[in-house]
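# Chains, contacts and geometry: an overview
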Amino acid sequence: MHTTLAFLSIFEGYTGEEVRSIFVMQSFSGLSLFAVFLLMALGLAIIFGQMKVINMAHGEFLTIGAYTTVFMSDLVEKSVPSALPWYFPVAVVAAFFVAGAVGFVVEVGMIRFLYKRPLDTLLATFGLSMILQQVFRLIFGAREDSAVMPDWLMGSWALTEITEIPINGMFLLGTAIGVTGLVYLLMYRSRWGLRVRATVQNREMAGAVGINTKMTDRWTFALGCGIAGVAGAVFTTIGSVSPSAGQLYIVDTFLVVVFGGAGSLIGTIASAFAIAQSQSILEFFLDGVLAKVFILLTIVGILMIRPQGLVVSKIRR
Amino acid sequence: MKSFIYNKALGGKSGTIGLAVLAVILLLVFPLAMDNFRLNLVGKYLSLAFVAIGLVLCWGYGGILSLGQGMFWGLGGYCLAAFLKLEAARNIAAEAGSDQINALTTVGLPDFMDWNQITELPWFWYPFKSLPLTLILVFLVPTVLAYIIGTAMFKRRVSGVYFAIITQALCWTMELLFVTRQGWTGGINGITDLRTLLGWDIQDPGNQRILYFVTSLLLLGCVVLGRLILGSKLGKLLVAMRDTEGRVRFSGYDVANFKTFIFCVAAAMSALGGAMYVLNVGFMSPKLVTIEPSIYMVIFCAVGGRMSLLGAVYGTLAVSFGRTYFSESFPDLWLFLMGGVFILVTMVFPLGLAGMVDRLTGLVASKASAATDAPGLETPVSEPVSPPPA
Amino acid sequence: MSLPTDFALAVENLTVSFDGFKAVDSVSLYVDPGELRVVIGPNGAGKTTLLDLICGKTRPSGGSIQFKNQELVGMAEQKIVRSGVGRKFQTPSVYPKLSVFENLEVSVPKGRGVWGALFFSCNQEVRQRILEIARDIFLEDELETEAELLSHGQKQWLEIGMLLIADPELILLDEPVAGMSVNERGQTAELLKRIAKGRSVVVIEHDMNFVRQIADRVTVMHQGKVLAEGSMDKVESDPKVIEVYLGH
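Residues numbered from 1 in each chain as written. Chains lettered and ligands numbered in written order. Predicted model: local features only at pLDDT ≥ 70, side-chain atom pairs only at ≥ 80, totals over all residues.

## Digging into the overall build of chain C
For the record, the criterion: What counts as a helix is a DSSP run of H or I of at least four residues, what counts as a strand is a run of E of at least two, and both are numbered from the N terminus. In this setup the radius of gyration rests on C-alpha atoms only. A globule is expected at 2.2 Å times the number of residues raised to 0.38. Any residue with 12 or fewer other C-beta atoms within 10 Å of its own C-beta is exposed, any with 20 or more is buried, and the rest are partly exposed; the C-beta atoms used are placed from the backbone.
Summing up its helical and strand segments, chain C has 10 helices and 10 strands in all. Here the C-alpha radius of gyration of chain C, 18 Å, is about what a compact globule of 248 residues would show, namely 18 Å. Judged by the C-alpha coordinates and their principal axes, chain C covers about 55 × 45 × 35 Å. Evaluated residue by residue, chain C yields a buried proportion of 47% over its 248 residues.

Structure representation (structure tokens):
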């Protein structure tokens, strides 16, 4: 009851400038959340949106990326401490390749047998997610780990006296935008992207015109996992990593992709932005859980009205 | 009438044998072979099998995969737990005597409400003062929720993966609400310390044995009910809808109504399971209701065989026993084992244990006699052997 | 709006566009009770879309569809079916995991509600009716066969049987003889003539010999519009039709 009333009088007790600064800071923390959502969702939009694989282990690929970063940070700290300010970009790239490689192996060993049974991919990848989490636990221990952050990434940038923007958040956002741009170029402006889209839309036809659809699937899945790895690497700038860290984001990520309209890049971006922003702003005024509940129910409500998500193309079916 | 019961409810010869075997295992073998502690454990597992049976109906036959069955199971459990908690609170008040009641305690109020500075029973707790009302609500609350979700989704033709993800989100929503509205629900601890049902001690070992038998009988009842539904024209329509939804619509059926119906049946069965769980273990917690347990419930069903009502029971028992045994004996390895089993079952045995048994008996039967009795029009429901095209 | 007519089906000014592309463009079509009408036309002429519109699968952007003077536009699919319209799809659409008998049983127009279906009893009368239909569609020996095991042609027949058992007054058939042998085509032609007694049938077909065998009247569609209409002979000699089929 208390919180619902609070919702009506949320601005009481704040001056105009404070409200403005709250909005700027909250929307900036929303932007960080947006960046994580977007990075996670990009990979899943490819894997789920394009290939229709319900990858419940997608969160674990994020964790792989995060642990890769932690591992490199430890390594650099012990052997070449002088490189510490600059190892991070290398770690991001490494996270991409490690997660992508694991993804490639998973596709070969498991996913390729399940393409015709999308709901079954859910069960199998749930099993995979359990196994991966246990692997992390055995290698890195159950406690939370964090990477050493270069000084230039920490700290914040004072916009006005009471409005501060954290630098790691900006870095996060920058990476997300960069990766989105690359994915766009790859999927919509390259021969390879054309092959992926052709395979997804009409597998037989794509095969008939000489596209190796099996290899296309494999690389596409690996790419999606690699992007989740990048998400994990960047994630270490704002939080620590534990074996079950990936679980925190998996439901949100699916919702972002479904809400945006599976298979639509623009839809994914728009939906990641909408969900992250509303969550972060609502969170400040409501309590976190009510904000979450409110957003979940809103998404479900909107999906009832538009079952295909925000962005759909009208075609004869 | 006799043949109707034999064919439809029991499932003909093979169905009757299967049901009888399960009944003997549950009602004779387990009680004779196990001590009270183990038997209570089985009772706890069986309370989860209700969900798996519901999933066979709505997922295996109806093609509707819900990742939020924990919601309905939990609501059923919470409803009964609420009644038991009020009774427990009354008992505490009575034992303490009027002059000894702590100044902080409001008489007859559940302890967790007290801890959360709630001094008056919330209005929606009132119905749980009455057992008949509670028993109605155990079924009504989850079923009405399923009806609302089902109608809203299926009328809009939300299906498949989308439905699965939305039910998962709803399940999460419910967990969040139950955890945070501590004063109303007991928060993260749930509703605990439930001891008596109308003065009858549910923690007493002898009484727990009785509860085990009640659980088993209700479960067998659900299997028979499931058989009846699958044997009716509605059961065939479900299979028809799962494979060729458009055709059903153009045969003049409102597909959404049928999907909603079977989803509600699954919800009601789950709710019964949740209530039996509370009686068997004496508490209810939001941790049992969230996303992961809901996925486990799907896995029980998948391991047992998504097309087999009996398989669902065996699947639940096998996975639950496996989880308990391995997590105790090989704490570091059991997640590998469980994960491996799920992957293996999905990839190699999509029809689960039941599919394997079918294949084995099929081999034996075809060797023994090649087609002795050709199926006539009276053939009872046989459970199809190949997997649905998801 | 429109006055009551004697037509079984009166389609007027029917239009639908997908992203600006008019798949069906102000089509008007009148079918008499008991008439067997064949719609022909090159690929992409909008024939299947026309049937989709009539049976409610697709919503038109404009125009009206009157069945026995009842407006169908805006009605839910199952309501249109219950008012007496049956539709067979281009790729035979049967229930693969059910037997032929069960396929027909499920299509019996009784127990269409949830409770009705739950307590539906397959009594002697129903069984008789199923056997009768199975004989009509040449499948009386396949009653226990799972539908997915039938040949393509048999699936086509089964789907026709599933319509017949509901005894609709208007039947819409999308390429009923596709994938059939010459023999089967002959059988189907007879079947169609038989079922056309006492009801109206609209058939989409490419096989001109087959069309000649069955059609009362023929409608030629091209690029979403009606190009010509009349008897087979008249249509065949229409220069516009010849242009469409042989030209370019």
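## Let's talk about the packing of helix α3 (residues 58-79) of chain A against helix α10 (residues 247-260) of chain A
Residues and elements named next belong to chain A. To keep things clear, this is the line we draw: All axes here are fitted lines through C-alpha atoms, helices being fitted over the stretch that makes contact, and every angle between N-to-C directions spans 0 to 180 degrees. Relative orientations are named as follows: roughly parallel for angles under 35 degrees, roughly antiparallel for angles over 145 degrees, roughly perpendicular for angles from 65 to 115 degrees, and oblique for any other angle. Handedness of a crossing follows from how the near helix is turned relative to the far one, being left-handed for an anticlockwise turn of less than a right angle and right-handed for a clockwise one. Working definition of a contact: two residues with C-beta atoms, positioned from the backbone, lying within 7 Å.
It is the contact of α3 with α10, at a shortest axis distance of 8 Å, that shows an interaxial angle of 130°. Classified by the angle their axes make, α3 and α10 are oblique. Judged by the twist between their axes, the crossing of α3 over α10 is right-handed. Between α3 and α10, the residues in contact are H58, G59 and L62 and Q247, Y249, I250 and T253, respectively.

## Here we look at the interface of chain A and chain B
Applied cut-off: Under the grouping applied here, Gly and all other residues not named as nonpolar or charged are polar, the nonpolar ones being Ala, Val, Leu, Ile, Met, Phe, Trp, Tyr, Cys and Pro and the charged ones Asp, Glu, Lys and Arg.
Counting residues at the interface gives 34 residues for chain A, matched by 37 residues for chain B. Elements supplying a minimum of two residues to the side of chain A that touches chain B: α5 (118-140), α10 and α12 (288-305) of chain A. For the side of chain A that touches chain B, the element with the most residues is α5(A), which contributes 14 residues. When the residues that make up the side of chain A that touches chain B are grouped by side-chain class, the tally is 27 nonpolar, three polar and four charged.

## Brief notes about α5(A)
Formally: By this rule the span expected of a helix is its residue count minus one, scaled by 1.5 Å.
Helix length check: α5(A) (23 residues) gives 32 Å between terminal C-alpha atoms against 33 Å at 1.5 Å per residue, within 8%. Count one or two residues on from α5(A) and you reach G141(A), which has phi positive near 85°.

## Quick look at the confidence of the model for chain C
Convention followed: Per residue, pLDDT measures the predictor's confidence, with a range of 0 to 100.
Averaged over all residues, the pLDDT of chain C equals 88, while 98% of them reach at least 70. Confidence estimates for the predicted assembly give a pTM of 0.87 and an ipTM of 0.87.

## Observations concerning the sheet that holds strand β9 (residues 217-222) of chain C
Residues and elements named next belong to chain C. Applicable threshold: A pair of strands is treated as paired once DSSP finds two or more bridges between them.
One open sheet accounts for six strands, arranged β6-β7-β8-β3-β9-β10; its pairing is mixed. In this open sheet, the two edge strands, each paired with only one partner strand, are β6 (85-88) and β10 (225-230). On average, each strand axis in the sheet is inclined to that of its neighbour by 15°, with strand direction left out of account. The pairing of strand β3 (residues 36-40) with strand β8 (residues 200-204) spans four bridges and is classified as parallel. Looking across to β8, one finds that V39 is bridged to I204.

## Here's the deal with the nonpolar core
For clarity, the threshold we go by: Put simply, a nonpolar core is buried Ala, Val, Leu, Ile, Met, Phe, Trp, Tyr and Cys residues tied into one set by C-beta atoms within 7 Å.
The biggest cluster of nonpolar side chains holds 287 residues, and the ones touching the most others in it are F37(A), L39(A), A52(B), L55(B) and V56(B). Per-element accounting of this core gives the leading share, 20 residues, to helix α12 (residues 255-281) of chain B. Apart from residues lying up to four places away in sequence, L55(B) is in contact with Q69(B), A266(B), M297(B), V298(B), C301(B) and A312(B).

## Considerations on the sheet that holds strand β4 (residues 62-67) of chain C
Residues and elements named next belong to chain C. What the four strands build is an open sheet, ordered β2-β1-β4-β5; its pairing is antiparallel. In the strand order of this sheet, the two ends are held by β2 (21-31) and β5 (70-71), each with one partner. In terms of strand pairing, β4 meets β5 through two bridges, oriented antiparallel. Note that in β5 the partner of Q66 across the bridge is E71.

## Focus: the pairing of β8(C)
All names here are of chain C. Put simply, the rule reads: Consider the strands pointing away from the viewer: the crossover is right-handed when the path from the first strand over the helix to the second runs clockwise.
Most of β8 sits out of view: five of its five residues are buried. Every second residue of β8 is oriented toward a common face, with S200, V202 and I204 on one face and V201 and V203 on the other, all of them buried. As defined by bridge partners, strand β7 (residues 170-174) adjoins β8 across five bridges and the pair is classed as parallel. Each residue of the ladder has a partner; that of L173, found in β8, is V203. Read from β7 through helix α7 (residues 182-195) to β8, the crossover connection turns out right-handed.

## With respect to the confidence of the model for chain B
All names here are of chain B. Here chain B averages 84 in pLDDT, and 87% of its residues register 70 or above. Mean pLDDT across the elements of chain B bottoms out in helix α1 (residues 2-9) (62) and peaks in α12 (95). The model gives residues 369-390 a pLDDT under 50, and that stretch makes 30 contacts with residues more than four places away or in other chains.

## Re the pairing of β6(C)
All names here are of chain C. Of the two faces of β6, the one carrying V85 and R87 and the one carrying G86 and K88 are both buried. Inspection of the sheet shows β6 paired to β7 by four bridges, in the parallel sense. Among the inter-strand pairings, R87 is bridged to a residue of β7, identified as L172.

## Topic: the packing of helix α6 (residues 167-189) of chain A against helix α7 (residues 191-201) of chain A
All names here are of chain A. For the pair α6 and α7, the least separation of the axes is 5 Å and the interaxial angle reads 70°. Between α6 and α7, the angle is such that the two are roughly perpendicular. Touching L186, M187, Y188 and R189 of α6 are W192, G193 and V196, all from α7. Partitioning the contact of α6 with α7 into residue classes produces five nonpolar, one polar and one charged.

## Observations regarding unusual backbone geometry
For R157(B), which is not glycine, the phi torsion reads 60° and is therefore positive. You can see R157(B) is positioned in the loop between α6 (131-155) and α7 (160-180).

## Focus on helix α13 (residues 291-304) of chain B
All names here are of chain B. Its 14 residues place the ends of α13 20 Å apart at the C-alpha level, agreeing with the 20 Å of an ideal helix rising 1.5 Å per residue. By the criterion of burial, α13 is predominantly enclosed, with 11 of the 14 residues buried. Trailing α13 by a residue or two, G305 shows a phi angle of about 120°, which is positive.

## Quick notes on the environment of F7(C)
Residues and elements named next belong to chain C. With respect to the helices and strands, F7 occurs in the segment before β1 (9-18). Spatially, the C-alpha atoms of F7 and S151 are 37 Å apart, while their sequence positions differ by 144 residues. With residues up to four places along the chain from it excluded, the contact list for F7 reads Y30, V31 and D32.

## Describing the environment of S130(B)
All names here are of chain B. Structurally, S130 can be placed in the loop between α5 (111-115) and α6. For S130, a count of 13 C-beta atoms within 10 Å corresponds to the partly exposed category. In sequence terms S130 and F83 are 47 residues apart; their C-alpha atoms lie 7.3 Å from each other.

## Looking at the environment of S251(B)
Relative to the assigned elements, S251(B) resides in the loop between α11 (245-249) and α12. Aside from chain neighbours lying at most four places away, what touches S251(B) is V81(C), S107(C), M162(C) and A166(C).

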